[in-house]
Amino acid sequence: LGASMIAICCTAASAAGLTVGFSQIGSESGWRAAETSVTKQEAEKRGITLKFADAQQKQENQIKAIRGFIAQGVNAILVAPVVATGWEQVLGEAKDAKIPVILLDRGIDASKDLYLTSVASDQVKEGSVAGDWLVKTVGDKPCRVVELQGTVGSTPAINRKKGFEEAIAGHKNISIARSQTGDFTRSKGKEVMEGFLKAENGGKNICAMYAHNDDMAVGAIQAIKDAGLKPGKDILVVSIDAVPDIFQAMAAGEANATVELTPNMAGPAFDALDAYLKSGKQPEKFIITQSKLYTPADDPKGEYERRKGLGY
Ligand code: GZL
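Residues numbered from 1 in each chain as written. Predicted model: local features only at pLDDT ≥ 70, side-chain atom pairs only at ≥ 80, totals over all residues. Heavy atoms only, no water.

Per an unreviewed UniProt entry, the protein goes by the name ABC transporter substrate-binding protein and belongs to Rhizobium straminoryzae. Taken directly from UniProt, the Sequence similarities (unreviewed entry) text for the protein runs: "Belongs to the bacterial solute-binding protein 2 family." Looking at the protein in UniProt, the text filed under Subcellular location (unreviewed entry) is "Cell envelope". (UniProt positions renumbered as here; feature names shortened; annotations may be inferred.)

Right, dumping it as C-alpha cells:
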C-alpha cells in the first residue's frame, strides 16, 4: 500500500468502530473484577466493540478464546496472560493474521515481537515497596514472615516475591518462615493461612503476613481472627492491589499497608492501539503504571468510599 493508502486505511480504522477481543483471566479477585469493568467502560467511551471471554483462570480457555477472536477477524486482541509461559504458538497465529495483541497487567516469557505493547505495573517494585514498609516498621526486632503467593508461574507472583526478598535481604532479623500459593483468591488465602497458623504455634511465632494481593490478605485476616489473634497487631498485614475491602480492614485496625495497582490498564492500551492504527506509531514495548503505598495514615475510610465507585 502507498503511504497515502496506509493513511486512509489507518485513519479509517481509528478506535471508534473497532472490534477488540479481550481474553480475561477470570474473576478471582476484587481487583480483577474492577479491571474487567474499567476495560468495558474504556471501550464504551471510545466506541470500541469489546468481545469479552472469561477463562476461569485456565490458560487453555484463553488460548481457545484468542483463536476464536482470530477466526472472527477482530481488529486487535487484549490478553491478561494467566501464566508467563505457553503463548508462542497462539500469539504466532495472531501475528500471522496481522492482528495486534496487547498484554494487560501480567507479562509473558516470549519474544517481544509477539505483542504490540504490554501495560502493567512494575511488580518487582510493588514487592520491594511492601518489603521496605515491613523493614521500616519492625526495625531490628526479630520478625518471622509468612507469605501468600499469587498464581504459580504468573509474573506478578514471581516478581512480587523477588521484590519483597530483595527489600528484606539486608535485614537478618526478618525471614520468610513459610511461603505458599493462595492463587490470588480470598478462600485459598484463608485456607493456606489456617495451615500457617497451625504450623507456627497457633500463630504466636508469626510477626507478619505478606500477601501478593489484598484478596488473599482479607482471607488470611479472617483465619487470624478465627485463631483468636488480632490481625494488624499480633500479626502485621501487608499486601498489594488497594481494593476497597483492604481499606475497610485498615479502618478496623486489621491491616497495615497495601500497594496500589490501578485497574485501568485498558486506557493506555486503547490509546496505544489507536495511535498505532491511525499512524502506524509503534508504542513503547512496556507501558508501566504507577504504584503507591497506602497505610492507615491515608484516610482508609475515604479511600474505601472513593474506590467503591470505581467498578470494584
Ligand atoms: C497483578 C494482577 C493480579 C492482581 C490480583 O498485575 O495480575 O491478578 O494483583 C489478580 O488481584 O488476581
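Asker: I'd like to hear about the pattern of salt bridges, residue by residue, with values.
Answerer: A full pass over the atoms with the stated rule returns 25 salt bridges. One salt bridge connects Arg46 with Glu42, and the closest N-O pair in it is separated by 2.4 Å. Pair check on accessibility: Arg46 and Glu42 agree, each one buried. Here Asp271 and Arg46 are joined by a salt bridge, their closest N and O atoms 2.7 Å apart. (Salt bridge = Lys/Arg side-chain N within 4 Å of Asp/Glu carboxyl O. Buried < 20%, exposed > 50% of the residue type's maximum accessible area, 1.4 Å probe, protein only.)

Asker: An account of the site of the ligand is requested, with residue identities and associated values reported.
Answerer: Looking at the ligand, there are 13 residues lining it, with Glu28, Asp105, Arg106, Arg160 and Asp241 nearest. One nitrogen or oxygen atom from the side chain of Arg32 is found 3.0 Å from an oxygen atom belonging to the ligand. Between an oxygen atom of the ligand and a side-chain N or O atom of Gln123, the distance comes to 3.5 Å. In isolation the ligand exposes 320 Å². Once the protein is present, 100% of that is buried. Residue assignment for the shell around the ligand shows that the elements contributing at least two residues are α2 (30–45) and α6 (155–168). The residue inventory of the shell around the ligand, partitioned by class, reads 4 nonpolar, 3 polar and 6 charged. (Near = heavy atom within 4 Å. Polar contact = N/O pair within 3.5 Å; in protein donor to acceptor, adjacent residues only side chain to side chain. Areas by Shrake-Rupley, 256 points an atom, 1.4 Å probe, with all protein chains shown as cover. Helix = DSSP H or I, 4+ residues; strand = E, 2+ residues; numbered from the N terminus. Nonpolar A, V, L, I, M, F, W, Y, C, P; charged D, E, K, R; others polar.)

Asker: Quick one: what's the story with the environment of Ser29, residue by residue and with numbers?
Answerer: With respect to the secondary-structure elements, Ser29 resides in the loop between β1 (19–24) and α2. Ser29 sits 156 residues away from Thr185 along the chain, and the two C-alpha atoms are 5.9 Å apart. Setting aside chain neighbours within four positions, we find Ser29 in contact with Phe184, Asn213 and Asp215. For Ser29, the side chain forms a polar contact with the main-chain nitrogen of Arg32, separated by 3.1 Å. (Contact = heavy atoms within 4.5 Å.)

Asker: Quick rundown of the packing of helix α8 (residues 214–226) against helix α9 (residues 244–251)? Include the residues and the values.
Answerer: When two helices pack together, their arrangement is captured by the angle between the axes and the distance separating the axes. Relative orientation of the contacting elements α8 and α9 amounts to 40°, with a least axis distance of 9 Å. In terms of orientation, α8 lies oblique with respect to α9. In the packing of α8 onto α9, the handedness of the crossing is left-handed. Between α8, through Asp214, Ala217, Val218 and Ile221, and α9, the contact on the second element is made entirely by Asp245, Ile246 and Ala249. (Axes fitted to C-alpha atoms, helices over the stretch in contact; angles between N-to-C directions. Parallel < 35°, antiparallel > 145°, perpendicular 65-115°, else oblique. Left-handed = near helix turned anticlockwise from the far one by under 90°.)

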